[in-house]
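Here are the chains, one letter per residue:
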Protein chains: 2
Amino acid sequence: MAKGLNRVYLIGSVTQTPELRYTPGGLAVLEVTVAGNDQIVDEAGTPRELAWYHRVKMFGRYAELFADQLAAGTPVFVEGRLDYRSWEAEGGRRSALDVRVDRIEPLNPEGKGADLTVTDARGQERLRAGLNQVTLIGNLTRDPELRYTPQGTAVTRMGLAVNERFSTRAGEQEKTHFVEVQAWRDLAEWAASLKKGDGVLVIGRLVNDSWTTQTGERRFITRVEAQRLERLTRGPGGGGTGSQ
Amino acid sequence: MAKGLNRVYLIGSVTQTPELRYTPGGLAVLEVTVAGNDQIVDEAGTPRELAWYHRVKMFGRYAELFADQLAAGTPVFVEGRLDYRSWEAEGGRRSALDVRVDRIEPLNPEGKGADLTVTDARGQERLRAGLNQVTLIGNLTRDPELRYTPQGTAVTRMGLAVNERFSTRAGEQEKTHFVEVQAWRDLAEWAASLKKGDGVLVIGRLVNDSWTTQTGERRFITRVEAQRLERLTRGPGGGGTGSQ
């Protein structure tokens, strides 16, 4: 198992003044949605703006410290990591992927002009020049699946297991974060050569997708849209360089 | 003093098979030059390739571990931080800025095509699709200086002090890394509003410049070329919002 790397950088604005809450065990939790636009250049060379909204979480003393500093509209820089949770629900197992904050810094963008943000349909501010970057090292949990959209665009989906080691009073602990990764076009075609178990470096953007189930429920998934993929190691299922 | 942030990510290829050496105190040191091309889009919207060569250093057990794994041409991913050194030399104080490696991972880019690298004039391999990214938080050591090139392009130079805290057997230690930062065009104009002491976030690329002194000596400087600059806090010299 490749030693995990799990780093998220976001620059965006806080959509709503957050409310500090406490778990039944007394742990302070502060949840904030950070929103921005990514400026990307698509394959045709056309610049596009893509909006994003990501939920970030702080715990303990850090949550208490920032409860009064983060109002609706505050632009912030976030350094954190993807945090995977799963639980039993009616109709089967469910999971979510949030950003756990290691560091948050309010920005003080005086003199940068009044058009720093866009106001969305819900009246929330979104930072025009956002930053949304994820760097991960993990192992593929399954062989990648290459598909084509009706327009003929290649898209490959992969599951990545990113392990994390940390020390608690109870000793050394290990946790695995499961992250869905998606690649498009040339990168999708190349990704199809990867195999379950391969150690992989992913650099990309964090995106949210939603869809409606057959029973009419709205579901959300947080994924990483890969901009760069590199193979670090061959997994046991890789078959090596043999000529079978 | 803003709590420092100092993170470097590089993807490039190793230019020469490195030689492990030991300091007089017995510490293993492995120095490697990593080379790649940045694909940037300049202000006129023209894509350009810029070559870079950066010296990265490993110490101790980590240096010994990688001494046999990094040959000339090996593509690698590096996670590290900028490391500032200064010393007395003939003609005054000299300094250097290197990358200290926290993690290095050889890449295994099978199936990505044979034109992965460019061979330079010295016969060394340079990775075509490099990654070169620096994220820093520190305080400005002087007021930024805005100048214009003979072509009328705005350029601002700043000094950034990035502090680092670490624990040794002797207790909690603190070190300051001095980093020269440069911004161009619109970003340069905005940067001129920053003041000595301001807490600043810098996201950019690591670049090397060289020039010849009046006495004919060749000098090198490693700088960060800012792609993004944000003010976090106002320094004591900022003057606030008063109307003086």
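Note: the structure precedes this text.
Residues numbered from 1 in each chain as written. Chains lettered and ligands numbered in written order. Predicted model: local features only at pLDDT ≥ 70, side-chain atom pairs only at ≥ 80, totals over all residues. Heavy atoms only, no water.

## Brief notes about the overall build of chain A
For chain A, the helix and strand inventory stands at two helices and 14 strands. In summary, chain A has a C-alpha radius of gyration of 20 Å against a globular reference of 18 Å for 244 residues, a match within 12%. With the C-alpha coordinates aligned to their principal axes, the bounding extent of chain A is approximately 65 × 50 × 40 Å. Evaluated residue by residue, chain A yields a buried proportion of 48% over its 244 residues. When contacts within chain A are restricted to residue pairs at least 6 apart in sequence, those whose partners lie at least 24 apart make up 63%. (Helix = DSSP H or I, 4+ residues; strand = E, 2+ residues; numbered from the N terminus. Rg over C-alpha atoms; globule rule 2.2 N^0.38 Å. Buried < 20%, exposed > 50% of the residue type's maximum accessible area, 1.4 Å probe, protein only. Contact = heavy atoms within 4.5 Å.)

## What about the relation of the copies chain B and chain A?
Mapping chain B onto chain A calls for a screw motion: a turn of 180° about the axis and a shift of 0.0 Å along it, with 0.0 Å RMSD after fitting. Both chain copies can therefore be described as sitting about a two-fold axis. Both copies share a contact surface, since 100% of the interface residues of chain B are interface residues in chain A too. (Least-squares fit on C-alpha atoms with pLDDT ≥ 70 in both.)

## Section: the layout of surface pockets
All names here are of chain A. Taken as a whole, the second largest pocket spans an internal volume of roughly 1,200 Å³. Every residue lining the second largest pocket is counted, 38 residues in all, and those nearest its centre are A96, N208, F220, I221 and T222. Secondary-structure elements contributing two or more residues to the lining of the second largest pocket are β3 (28–41), β4 (47–59), β5 (75–89), β6 (92–106), β12 (171–184), β13 (199–212) and β14 (218–233). Here the lining of the second largest pocket takes seven residues from β6, the largest share from any one element. Partitioning the lining of the second largest pocket into residue classes produces 14 nonpolar, ten polar and 14 charged. (1 Å grid on protein atoms, 1.4 Å probe; cavity = no way out; pocket = protein on both sides within 12 Å on 5 of 7 lines; lining within 4 Å. Points joined across faces, edges and corners; volume = space filled by probe spheres on them. Nonpolar A, V, L, I, M, F, W, Y, C, P; charged D, E, K, R; others polar.)

## Quick word on the packing of aromatic side chains
For the structure on display, the rule yields six aromatic pairs over all chains. Seen in terms of ring centroids, Y84(A) and F178(A) are 5.3 Å apart; in terms of plane orientation they differ by 75°. Their pairing is edge-to-face. Linking Y84(A) in strand β5 with F178(A) in strand β12, this pair joins segments that are 94 residues apart in sequence. Taking relative accessible area as the criterion, F178(A) reaches 40% and is therefore assigned partly exposed. Relative to F77(B), the ring of Y9(B) lies with its centre 5.9 Å away and its plane at 15°, an arrangement referred to as stacked. Note that Y9(B) is positioned in strand β1 (residues 5–14) and F77(B) in strand β5 (residues 75–89), a separation of 68 residues in sequence. Overall, Y9(B) belongs to the buried group, its relative accessible area being 1%. (Phe/Tyr/Trp six-rings, centres within 6.5 Å; stacked < 30°, edge-to-face > 60°.)

## Quick word on the nonpolar core
Core analysis: the biggest nonpolar cluster contains 43 residues, and M58(A), L70(A), L82(A), L136(A), V202(A), V224(A) and L229(A) have the highest contact counts within it. One finds V8(B), V32(B), A188(B) and A226(B) within the second-largest nonpolar core, a separate group that totals 42 residues. (Core = buried A, V, L, I, M, F, W, Y, C linked by side-chain atoms within 4.5 Å.)

## Some thoughts on the interface of chain B and chain A
Listed by partner, the interface residues are 34 residues for chain B and 34 residues for chain A. Interface area for chain B against chain A, summed over the two sides, is near 3,000 Å², with a carbon-plus-sulfur share of 51%. Contact with chain A buries area across many residues of chain B, yet R103(B), K112(B) and R228(B) alone supply 19% of it, more than any other trio. Across the contact surface, chain B and chain A share zero salt bridges. On inspection of chain B and its partner chain A, the count reaches ten residue pairs in polar contact (both at pLDDT 80 or more). When residues of the side of chain B that touches chain A are traced back to their parent elements, those giving at least two are β1, β5, β6 (92–106), β9 (131–140), β13 (199–212) and β14 (218–233) of chain B. Of the residues forming the side of chain B that touches chain A, the biggest block, six residues, is contributed by β14(B). When its residues are assigned to classes, the side of chain B that touches chain A shows 16 nonpolar, seven polar and eleven charged. (Buried area = accessible area lost by both parts, 1.4 Å probe. Salt bridge = Lys/Arg side-chain N within 4 Å of Asp/Glu carboxyl O. Polar contact = N/O pair within 3.5 Å; in protein donor to acceptor, adjacent residues only side chain to side chain.)

## Regarding the pattern of salt bridges
Here the structure, examined in full by the defined rule, presents 40 salt bridges over all chains. A salt bridge links R7(A) to D102(A); the nearest nitrogen and oxygen atoms lie 2.7 Å apart. Placement of the pair is R7(A) in strand β1 (residues 5–14) and D102(A) in strand β6, with a sequence separation of 95 residues. Notably, a salt bridge pairs E164(B) with R81(B), separated by 2.5 Å at the nearest N-O pair.

## A short note on the pairing of β6(B)
All names here are of chain B. Pairing geometry for strand β4 (residues 47–59) and β6, over two bridges, is parallel. Each residue of the ladder has a partner; that of K57, found in β6, is R100. Examined bridge by bridge, β5 and β6 share 14 bridges and lie antiparallel to one another. Paired with Y84 across the two strands is L97, which belongs to β6. (Pairing = 2+ DSSP bridges.)

## Examining the pairing of β1(B)
The side chains of a regular strand alternate between both faces of the sheet. Residues and elements named next belong to chain B. Summarising burial for β1: ten of the ten residues are buried, a large majority. Where β1 lies against β9, seven bridges are found, and the strand directions are antiparallel. Within the sheet, the bridge partner assigned to L10 lies in β9 and is N132. With two bridges connecting them, β1 and strand β3 (residues 28–41) associate as antiparallel partners.

## A few points about the environment of E31(A)
All names here are of chain A. Relative to the helices and strands, E31 resides in strand β3. Separated by 178 residues in sequence, E31 and D209 place their C-alpha atoms 20 Å apart. In this structure E31 touches P18, R21, R55, V56 and K57, once residues within four positions along its chain are discounted. At 2.7 Å, the side chain of E31 forms a polar contact with the side chain of R21. A distance of 3.0 Å separates the side chain of E31 from the side chain of R55, its partner in a polar contact.

## Here's the deal with the environment of R228(B)
If you trace the backbone, R228(B) turns up in strand β14. On a C-alpha basis, the gap between R228(B) and N163(B) in space is 20 Å, while along the polypeptide they are 65 residues apart. In this view, R228(B) contacts I11(A), L127(A), A129(A), G130(A), L131(A), L187(B), L201(B), V202(B) and I203(B); residues no more than four positions away in its chain are not counted. Within the structure, the side chain of R228(B) is placed 3.4 Å from the backbone oxygen of G130(A), a separation counted as a polar contact.

Distances and angles like these do not, on their own, reveal function.
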